[in-house]
Amino acid sequence: MNYLSYNKCDVLNGTGVRCVLWCSGCTHKCQGCFSEESWKFCNGLPFDQEIQDKIINDLKPDYISGLTLSGGDSMHPRNAVDLIKKKKRIKEELPSKNIWCYTGYVLEDLLDNDIQKELLSFVDVLIDGKFVKELYSPNLKWKGSANQRVIDVEKSLAQNDIVLYDD
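To start, this report covers the structure provided alongside it.

What counts, and at which threshold
Residues numbered from 1 in each chain as written. Predicted model: local features only at pLDDT ≥ 70, side-chain atom pairs only at ≥ 80, totals over all residues. Heavy atoms only, no water. Helix = DSSP H or I, 4+ residues; strand = E, 2+ residues; numbered from the N terminus. Rg over C-alpha atoms; globule rule 2.2 N^0.38 Å. Areas by Shrake-Rupley, 256 points an atom, 1.4 Å probe, with all protein chains shown as cover. Lys, Arg positive; Asp, Glu negative; His and termini not counted. Charge placed at Lys NZ, Arg CZ, Asp CG, Glu CD. Salt bridge = Lys/Arg side-chain N within 4 Å of Asp/Glu carboxyl O. Buried < 20%, exposed > 50% of the residue type's maximum accessible area, 1.4 Å probe, protein only. Core = buried A, V, L, I, M, F, W, Y, C linked by side-chain atoms within 4.5 Å. Contact = heavy atoms within 4.5 Å.

## Quick look at the overall build of the protein chain
- Along its length, the protein chain carries five helices and seven strands.
- Helices and strands appear in the protein chain in the N-to-C order β-β-β-α-β-α-β-α-α-β-β-α.
- The C-alpha atoms of the protein chain give a radius of gyration of 15 Å, which matches the 15 Å a tight globule of 167 residues would have.
- If you line up the protein chain on its principal axes, its C-alpha atoms span 40 × 35 × 30 Å.
- About 8,600 Å² of surface is accessible on the protein chain, with carbon and sulfur atoms providing 50% of the total.
- Taken as two groups, the 21 positive and 25 negative side-chain charges of the protein chain have centres that lie 3 Å from each other.

## Comments concerning the pattern of salt bridges
- Following the criterion strictly, the structure yields six salt bridges and no others.
- Note that Asp 53 is salt-bridged to Arg 89, the shortest N-O span being 2.8 Å. Residue Asp 53 is found in helix H1 (residues 49–59), and its partner Arg 89 is found in helix H2 (residues 77–93); the two are separated by 36 residues along the sequence.
- A relative accessible area of 28% means that Asp 53 is categorised as partly exposed.
- Ionic pairing is found between Glu 108 and Arg 149, a salt bridge with its closest N-O pair at 2.8 Å. With a gap of 41 residues between them, Glu 108 in helix H3 (residues 107–110) and Arg 149 in strand E7 (residues 149–152) connect regions that are remote in the sequence.
- Shared partners join several salt bridges into a network, and the residues in it are Asp 53, Arg 89 and Glu 93.

## Points about the nonpolar core
- Counting 31 residues, the largest nonpolar core has Leu 21, Ile 55, Leu 59, Leu 67, Leu 120 and Leu 126 as its most contacted members.
- Residue assignment for this core shows that the elements contributing at least two residues are strand E1 (2–10), strand E2 (17–23), H1, strand E4 (64–71), H2, strand E5 (98–102), H3 and helix H4 (114–120).
- Excluding residues that lie within four positions of it along the chain, Ile 55 makes contacts with Tyr 6, Leu 21, Phe 47, Leu 67 and Lys 86.
- In terms of nonpolar packing, the next biggest core, distinct from the first, is built from six residues, Tyr 102, Ile 127, Trp 142 and Val 150 among them.

Structure below.
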């Protein structure tokens, strides 16, 4: 897997101060996407041990709430395979940190794919659905278009129904 960029201090992509990893590779190719360079899986840098260790170290301070995965699409099966071990490591070493994930897939479809479902088990908040240019609004909290949902994954899985995240 490659990643396009990494920011160790972000306040726009979830609650609190967060680390954000922008993954390379997306097959949704939404019209109006702000990050078309992230569509190609080969763009960016290798997601190697060095960047994985950096993310773990950057997550350690108390003022960092967690990690956000953006992209590209981290839930694409080509990316999910590599991210499963990483997210497991975060949950084991830093259990108080939460993981947010942006994806063009919808939760219902992720649950039908074993690899995506396994990665989803490490995600606390999922922003799902393709970006739809006609439904864009700068006033939406944590999402780009009105069709997207900000989902509390744990509650949704426990209730077997979509439960929206309430901050």
